[in-house]
Amino acid sequence: MDIRELVLQQLRTVIDPELGINVVDLGLIYDLQINDGNIYILMTLTTPGCPLHDSIVGGVKRALEHIDGIRDVQVQITWNPPWTPERMSEEALRQLGHFS
């Protein structure tokens, strides 16, 4: 498994507590860059002013910091473009009871 797939696998362990779905399938990850052991993630949350901001960002960092070879994890939150349910994967939609 390459490092990008390993990172995405670990990010799927970070669950949005309000919806009970991981941040990858929710479509919260906008950009993922991996360079020489440094990870940069640009992500959003489902709503601005989310009270769980620190918890989710901390969960993302903790999920990745233990991977061999990772030296630093930086997470930046953006609100542009705003998150919409259209960003969710089919798996996330299925978990919420929507069928395509």
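Looking at an unreviewed UniProt entry, one finds the protein named MIP18 family-like domain-containing protein, with Parageobacillus toebii as its source organism.

**Quick look at the pairing of strand 3 (residues 29-35)**
Bridge analysis of strand 3 against strand 4 (residues 38-43) gives 6 bridges, and the strand direction is antiparallel. If you follow I29 over to strand 4, its bridge partner there is M43. Between strand 3 and strand 4, which pair antiparallel in sequence order, lie 2 residues; one of them, D36, sits at a positive phi of approximately 50°.

**Considering unusual backbone geometry**
Cis geometry marks the peptide bond from N80 to P81; its omega dihedral reads 5°. Looking at the secondary structure, you find P81 in the loop between strand 5 (72-77) and helix 3 (90-95). Even without glycine at this site, D36 takes up a positive phi of about 50°. Checked against the element boundaries, D36 lands in the loop between strand 3 and strand 4. Look at D36 and you get exposed, because its relative accessible area is 59%.

**Thoughts on the pairing of strand 5**
Only one face of strand 5 is buried: it carries V73, V75 and I77, and the other face, with D72, Q74 and Q76, is open. Relative to strand 5, strand 4 runs parallel, the two being bridged by 6 bridges. Along strand 5, the bridge assignment pairs I41 with V75. Handedness of the β-α-β unit built from strand 4, helix 2 (residues 53-65) and strand 5 comes out right-handed.

**Things to note about the sheet that holds strand 5**
Taken in spatial order, the 3 strands of this open sheet run 3-4-5, and their pairing is mixed. Unpaired on one side and paired on the other, strand 3 and strand 5 mark the two borders of the sheet. Here the average twist between neighbouring strands, direction ignored, is 10°. Strands strand 3 and strand 4 of the sheet are contacted by helix 1 (residues 3-11), whose axis makes an angle of about 135° with strand 3. Contacts from helix 2 reach strand 4 and strand 5 within the one sheet, and its direction differs from that of strand 5 by about 155°.

**With respect to the side chain of D16**
Secondary-structure assignment places D16 in strand 1 (residues 15-16). For the buried D16, no salt bridge exists, and the shortest N-O distance to an oppositely charged side chain is 12 Å, to R87. Within the structure, D16 has its side chain in polar contact with the backbone nitrogen of L19 (distance 3.1 Å). Setting aside anything within four residues of it in sequence, one finds D16 in contact with I21, L26, L28, T46 and I56.

Each value, and the rule that gives it
- Residues numbered from 1 in each chain as written.
- Predicted model: local features only at pLDDT ≥ 70, side-chain atom pairs only at ≥ 80, totals over all residues.
- Heavy atoms only, no water.
- Pairing = 2+ DSSP bridges.
- Helix = DSSP H or I, 4+ residues; strand = E, 2+ residues; numbered from the N terminus.
- Buried < 20%, exposed > 50% of the residue type's maximum accessible area, 1.4 Å probe, protein only.
- Right-handed = clockwise from strand over helix to strand, strands pointing away.
- Axes fitted to C-alpha atoms, helices over the stretch in contact; angles between N-to-C directions.
- Contact = heavy atoms within 4.5 Å.
- Lys, Arg positive; Asp, Glu negative; His and termini not counted.
- Salt bridge = Lys/Arg side-chain N within 4 Å of Asp/Glu carboxyl O.
- Polar contact = N/O pair within 3.5 Å; in protein donor to acceptor, adjacent residues only side chain to side chain.

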